[in-house]
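Read off the chains here:
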Amino acid sequence: MAEVEALIMSGHGLAIQDIIRLSGRNRNEILETIDQLQEAYSHDDHGIELKNVAGKYSFFTKNEYFDLVSKIRKKSVSEITNSQMQVLAIVAYNQPLTLKEMEKFRGSACTNQIKELISMGLIKRKRDKTKKGNPYFYVTTENFLKALGISSLSDLKEDLVENTEISEDVRNNITPEI
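Residues numbered from 1 in each chain as written. Predicted model: local features only at pLDDT ≥ 70, side-chain atom pairs only at ≥ 80, totals over all residues. Heavy atoms only, no water.

**A short note on the nonpolar core**
Here's step 1: If you look at the biggest cluster of nonpolar residues, it comprises 22 residues, and the most contacted ones within it are Met102 and Phe144.
Here's step 2: Among the secondary structure elements, those contributing two or more residues to this core are helix 5 (82–94), helix 7 (111–119), helix 8 (142–148) and helix 9 (153–162).
Here's step 3: Excluding its chain neighbours within four sequence positions, the residues that come into contact with Met102 are Val87, Ile90, Val91, Leu97, Cys110, Ile114 and Tyr138.
Here's step 4: Counting 13 residues, the second largest nonpolar core, distinct from the first, contains Leu7, Ile8, Tyr41 and Phe59. (Core = buried A, V, L, I, M, F, W, Y, C linked by side-chain atoms within 4.5 Å. Buried < 20%, exposed > 50% of the residue type's maximum accessible area, 1.4 Å probe, protein only. Helix = DSSP H or I, 4+ residues; strand = E, 2+ residues; numbered from the N terminus. Contact = heavy atoms within 4.5 Å.)

**Structural notes on the packing of aromatic side chains**
Here's step 1: Using the criterion set out here, one finds one aromatic pair in the structure.
Here's step 2: Above the ring of Phe60, the side-chain terminus of Lys51 is found at 5.8 Å from the ring centroid.
Here's step 3: We note Arg125 situated over the ring of Tyr136; from NZ or CZ to the ring centre the distance is 3.7 Å. (Phe/Tyr/Trp six-rings, centres within 6.5 Å; stacked < 30°, edge-to-face > 60°. Lys NZ or Arg CZ within 6 Å of the ring centre and 35° of its normal.)

**Things to note about the environment of Ile123**
Here's step 1: Topologically, Ile123 is positioned in strand 3 (residues 123–127).
Here's step 2: A residue is classified by how much of its surface remains accessible, and Ile123, at 2% relative accessible area, is buried.
Here's step 3: Sequence spacing of Ile123 and Leu88 is 35 residues, and the spatial spacing of their C-alpha atoms is 7.7 Å.
Here's step 4: Sequence-distant contacts of Ile123, defined by excluding residues within four places in its chain, comprise Leu88, Val91, Ile114, Leu117, Ile118, Tyr138, Val139, Thr140 and Thr141.

**Some details on the pattern of salt bridges**
Here's step 1: Applying the stated criterion across every chain, the model contains five salt bridges.
Here's step 2: Note that Arg21 and Asp18 form a salt bridge whose closest N and O atoms lie 3.5 Å from each other. Of this pair, Arg21 and Asp18 are both found in helix 2 (residues 16–23), three residues apart, which corresponds to roughly one turn of the helix.
Here's step 3: A residue is classified by how much of its surface remains accessible, and Arg21, at 58% relative accessible area, is exposed.
Here's step 4: The exposure class assigned to Asp18 is partly exposed, which follows from its relative accessible area of 24%.
Here's step 5: Its salt-bridge partner being Lys51, residue Glu49 comes within 4.0 Å of it at the nearest N-O pair. (Salt bridge = Lys/Arg side-chain N within 4 Å of Asp/Glu carboxyl O.)

**Digging into the confidence of the model for the protein**
Here's step 1: Per-residue confidence for the protein averages 80 on the pLDDT scale, and 83% of its residues sit at or above 70.
Here's step 2: Mean pLDDT per element in the protein: helix 10 (residues 168–172) is the minimum at 42, and helix 3 (residues 27–41) is the maximum at 95. (pLDDT = per-residue confidence, 0-100.)

**Comments concerning helix 5**
Here's step 1: For helix 5, with 13 residues, the first-to-last C-alpha span of 18 Å sits near the 18 Å given by 1.5 Å per residue.
Here's step 2: Every buried residue belonging to helix 5 is among Gln84, Val87, Leu88, Ile90, Val91 and Ala92, and all of these are buried. (Expected span 1.5 Å × (residues − 1).)

**A look at the environment of Asp128**
Here's step 1: Mapped onto the secondary structure, Asp128 falls in the loop between strand 3 and strand 4 (136–140).
Here's step 2: Excluding residues that lie within four positions of it along the chain, Asp128 makes contacts with Asn134, Pro135 and Phe137.

What follows is the structure in structure tokens.
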């Protein structure tokens with residue numbers, strides 16, 4: 001158990017396959033060990049927990065200690081402005097999209113918000129070599145998933161649907177687009 005714990009702690013998230021390869025143990029042993037670690041860290045005497053985010057296991061600060069830990073970070077996700085949150089939501093639900101598409105969707109300029117979100121590591125810029133002029137497009141990052149504590153963007157849409165007060169009939173007819 002200590003070996004798997006050390007491997008996970010040393011990286012920025014490890015997939016099951018990586019843990020198997022690095023430890024030399026079989027899949028069932030690793031899955032059982034991860035279950036044991038998750039159980040052990042779920043108790044109140046630990047300030048961290050083990051989560052699977054974007055297919056990789058990482059240790060995270062528990063929610064009740066987030067404010068305390070955020071005091072030592074340069075800029076916290078909780079400090080996002082309303083305009084940055086608008087841009088982040090547009091990217092999360094419509095990615096990949098270009099700056100022009102984003103500004104058309106939002107109805108105003110987004111350049112400053114994009115720069116800040118990139119510096120926070122929540123979105124990234126990529127080139128689209130399949131389109132004329134190789135324009136940049138924007139997508140969310142693994143850090144975005146970590147900040148929300150979700151495994152994938154489909155979890156974000158499912159959570160939105162589950163936590164919105166709409167009728168059961170309507171909820172059952174909504175399917176994630178991702």
